[in-house]
Amino acid sequence: MSGLLSKALLANIGKQAPPRTEVVTRRDIRKYAIATGQRDPSFLAGDRAPPLYHVALFWDVVPLEELTPDGVSIDKLLPKFPLERAMAGGLNIEYHRDIVPGDVLIANRTLTDIYEKQGRQGPLIFYEIIMEVSTEDGEKVLTEKTTRILR
Amino acid sequence: MARIDQIQPGDQLPALTDKPDNVQLFLYNAALWNAHRIHFDLPYAKDVEGYPGLVIAGPLMGDWLTQCVLQWLGQDGRLAGIEYSNRQAAYIGETLTTAGTVLEVDAAAGTARVEVAVTNEAGDVITPGTATVRFHETGRGHDPDRGGS
């Protein structure tokens, strides 16, 4: 370990983003379904959402001046890391129920882990964010864990 | 005979091919509200970031994994979970193939685990993943109350 992660940085584990509420519309499902080349007619008609639709639904919408020059929005849940170049990432999603037009969904995001590993070409920082999506009534819709690697 | 009883480890999921062009990639990122220039600004992607072309968004390939699983599953069950990682980038102009294999079947639980991956023309596995599907109860077929995805 090269000790890139200070105590202050690790203290960010457990930090939560403010809850986000979004309304699901048939139009937005159809846009997503067409853009992803869905084969299932029920997705293309917008009767229900494809499994990764929530990625679009909860993508951050920020003012232009908050985008970086390369067009990226900064995730305010994340601290400033000593490594900044993003490498591969992954998702792990557990589904509880379909998303359909008219749903009002709430996403709660938590920074659940930060750790360091030695890669072949130097140290790597990993972080994990868990997003719990539920309905207004508290019914679970899905749980998504994102893992990202910085080098 | 219930669908799950006809499935065995090693069964192949029919492959899908996708060849997204600029228009599709634009619409995808617009649907997300993703302004990352590596997806639409070719001089920026090449000269500043050093990519050979416009980069296909990572979660779009994740989406194809779900489509491969759902096309194979049909109306016989739903997607219970999926995990995948974006190991290697892909670019506009490439033809990408998404295919999978059944890893295990748990008849008692009514579930199966499948391996799925997006592969590029060179044969590199660029987006590997695994998915769990839950079959609808034997003989009941598609039950809309249980959700369909």
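Look above for the structure.
Conventions adopted
Residues numbered from 1 in each chain as written. Chains lettered and ligands numbered in written order. Predicted model: local features only at pLDDT ≥ 70, side-chain atom pairs only at ≥ 80, totals over all residues. Heavy atoms only, no water. Helix = DSSP H or I, 4+ residues; strand = E, 2+ residues; numbered from the N terminus. Buried < 20%, exposed > 50% of the residue type's maximum accessible area, 1.4 Å probe, protein only. Contact = heavy atoms within 4.5 Å. Areas by Shrake-Rupley, 256 points an atom, 1.4 Å probe, with all protein chains shown as cover. Lys, Arg positive; Asp, Glu negative; His and termini not counted. Charge placed at Lys NZ, Arg CZ, Asp CG, Glu CD. Pairing = 2+ DSSP bridges.

Novice: In this structure, what is going on with the overall build of chain B? I would like to understand it.
Specialist: The helix and strand inventory of chain B stands at 3 helices and 5 strands. Order of helices (α) and strands (β) in chain B, N terminus to C terminus: β-α-α-α-β-β-β-β. Taken over the C-alpha atoms alone, chain B extends approximately 55 × 30 × 20 Å along its principal axes. Here chain B holds 149 residues, and 51% of them are scored as buried. Here the analysis covers contacts within chain B between residues at least 6 apart in sequence; of these, 67% occur between residues at least 24 apart. For chain B, the accessible surface area stands at approximately 6,800 Å², while carbon and sulfur atoms represent 49% of it. Distance between charge centres in chain B, computed from 10 positive and 19 negative side chains, equals 3 Å.

Novice: What is the right way to read the pairing of strand β5 (residues 125-135) of chain B from this model?
Specialist: The side chains of a regular strand alternate between the sheet's two faces. Residue and element names in this part refer to chain B. Burial analysis of β5 places 8 of its 11 residues in the buried class, which makes it a mostly covered element. Relative to β5, strand β2 (residues 77-85) runs antiparallel, the two being bridged by 7 bridges. Paired with G81 across the two strands is T132, which belongs to β5. With 9 bridges connecting them, strand β4 (residues 111-119) and β5 associate as antiparallel partners. Across the sheet, residue V118 finds its bridge partner in β5, namely T127. Counted between consecutive antiparallel strands, the loop separating β4 from β5 contains 5 residues, among which G123 sits at a positive phi close to 90°.

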